[in-house]
Amino acid sequence: MAESRPKVWVSQPLYEDLEARLEQWFDVTRTAQVTDHAPAAIAAALADADGALVTLNDRIGAAEIAGAPRLRAVANVGVGYNNLDVAALAARGIVATNTPGVLTETTADFGFALMMAAARRITEAEHWLRDGRWQGWGFHQMLGAEIHGSTLGILGMGRIGQGIARRARGFGMRVLYHNRSRLPDAVERDCAATWVARESLLAESDHLVLVLPYTAANHHVIDAVALARMKPGATLTNIARGGLVDEGALADALQAGRLAAAGLDVFEGEPAVDPRLTACRNVVLTPHIASASLPTRRAMVSLAVDNLVAAMGQGPDAGRPSDPVTPQTGGKAVPLQ
Ligand code: 8YV
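Residues numbered from 1 in each chain as written. Predicted model: local features only at pLDDT ≥ 70, side-chain atom pairs only at ≥ 80, totals over all residues. Heavy atoms only, no water.

## A look at the domain arrangement of the protein
Domain annotation for the protein reports domain 1 (7-100 + 294-333) and domain 2 (104-285). Look at where the C-alpha atoms of domain 1 and domain 2 centre, and you get two points 31 Å apart. Contact with domain 1, which involves eight residues of that partner, is made by nine residues of domain 2. Buried surface at the junction of domain 1 and domain 2, both sides included, amounts to about 800 Å², of which 53% is carbon and sulfur. Run the count over domain 1 and domain 2 and you get two residue pairs in polar contact (both at pLDDT 80 or more). Here the residues of the side of domain 1 that touches domain 2 are counted per class, giving three nonpolar, four polar and one charged. (Domains from an automatic or database assignment. Contact = heavy atoms within 4.5 Å. Buried area = accessible area lost by both parts, 1.4 Å probe. Polar contact = N/O pair within 3.5 Å; in protein donor to acceptor, adjacent residues only side chain to side chain. Nonpolar A, V, L, I, M, F, W, Y, C, P; charged D, E, K, R; others polar.)

This is how it looks when you write it as structure tokens:
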């Protein structure tokens with residue numbers, strides 16, 4: 001009798017030609033439509049799976065793997081992996097991987113664009129025009145915050161943060177960053193960025209951009225206290241994870257005019273957005289699209305497939321996936337790469 005092949009579950013429709021590479025070694029079960037899988041559905045899908053290719057919507061923790069005795073590897077399509085309980089997976093010997101590197105420049109482009117759109121009131125002005133409220137050119141209309149010559153603060157200086165810093169050079173910005181650990185001198189020089197303490201970053205930045213991973217330790221790292229320490233009239237941009245920001249406190253700061261504007265690509269209760277934020281005109285809201293370009297999304301899937309194949313002991317890198325994530329990296333406030 002022919003030996004049965006390992007089974008892989010692909011949780012969302014991605015790119016068929018890239019997913020098809022898995023079929024060389026595995027029996028693949030695909031999800032035909034974008035699906036918000038309930039925890040019980042994930043548990044059921046994993047019950048007879050040896051491996052899984054998942055995205056940020058698919059939360060996998062102790063409960064989801066309890067009835068999955070064969071599961072050996074979970075490859076996340078995304079650099080952030082707060083949807084995985086890496087400690088629970090590691091305790092079972094299940095390898096988890098992510099997709100750093102391939103989305104760096106695309107995501108940095110978007111972070112910079114979102115910061116600029118918020119500071120220069122681009123969507124607010126467009127809505128105003130579309131609503132027919134523009135009655136004629138006005139000298140004092142839609143005055144925004146300066147970008148050039150201002151101070152950019154980056155919280156979380158991994159690869160994406162560094163990409164944003166390099167872009168800021170072209171705009172003549174002064175770049176400050178805060179990370180748990182300072183970058184090597186050569187990297188600081190390349191990014192023309194200066195490490196400062198978190199309090200100084202909050203106090204001195206005209207534009208603060210969040211690019212750090214979301215962990216239990218940095219839940220609401222930008223809370224009412226942090227917002228009160230920010231420079232009056234500053235902007236806040238978040239392209240990392242919604243849970244980094246206390247959205248209610250942010251809405252208060254925006255409504256009170258303490259902050260000039262915010263650019264938000266991520267939200268704590270995605271896809272729900274706090275109605276206090278949607279009510280603020282001075283917030284640019286986008287639906288978690290910072291890495292959303294076709295070449296980048298394909299590169300992410302391709303890397304995740306390679307990681308899964310290797311983690312499951314197949315292919316040229318058998319047993320050596322390039323991007324394993326561990327409880328050590330997962331538990332610390334390491335930069336979003
Ligand atoms: C992805 C992201 O779209 O990589 C990340 O961490 O947030 C996005 O780039 C998402 O993770 C897809 O699963």
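From this point on, the discussion continues.
## Some words on the nonpolar core
Within the largest apolar cluster, 48 residues are counted, with the highest numbers of intra-cluster contacts made by Leu22, Leu53, Leu152, Ile154 and Ile164. When contributions to this core are tallied by element, the ones reaching two or more residues are strand S1 (7-10), strand S4 (73-76), helix H5 (104-119), strand S6 (151-155), helix H7 (159-169), strand S7 (174-178) and helix H13 (294-311). If one sorts the elements of this core by residue count, H5 sits on top with eight residues. Each of two domains, domain 1 (7-100 + 294-333) and domain 2 (104-285), supplies a minimum of three residues to this core. Once residues lying within four places of it in the same chain are set aside, the contact partners of Leu53 are Trp9, Val10, Ser11, Leu14, Leu22, Ala75, Val77, Ala304, Val305 and Leu308. (Core = buried A, V, L, I, M, F, W, Y, C linked by side-chain atoms within 4.5 Å. Buried < 20%, exposed > 50% of the residue type's maximum accessible area, 1.4 Å probe, protein only. Helix = DSSP H or I, 4+ residues; strand = E, 2+ residues; numbered from the N terminus.)

## Quick look at the packing of aromatic side chains
A complete count under the given rule lists three aromatic pairs for this structure. Ring geometry for Trp25 against Phe26: centres 6.3 Å apart, planes inclined by 50°, an arrangement best described as tilted. The exposure class assigned to Phe26 is buried, which follows from its relative accessible area of 0%. Ring centres 6.1 Å apart and planes at 80° place the aromatic pair Trp137 and Phe139 in the edge-to-face group. Taken individually, Trp137 and Phe139 each receive the classification exposed, so the pair is uniform in this respect. The ring of Tyr15 carries Arg298 above its face, with NZ or CZ at 5.4 Å from the centroid. (Phe/Tyr/Trp six-rings, centres within 6.5 Å; stacked < 30°, edge-to-face > 60°. Lys NZ or Arg CZ within 6 Å of the ring centre and 35° of its normal.)

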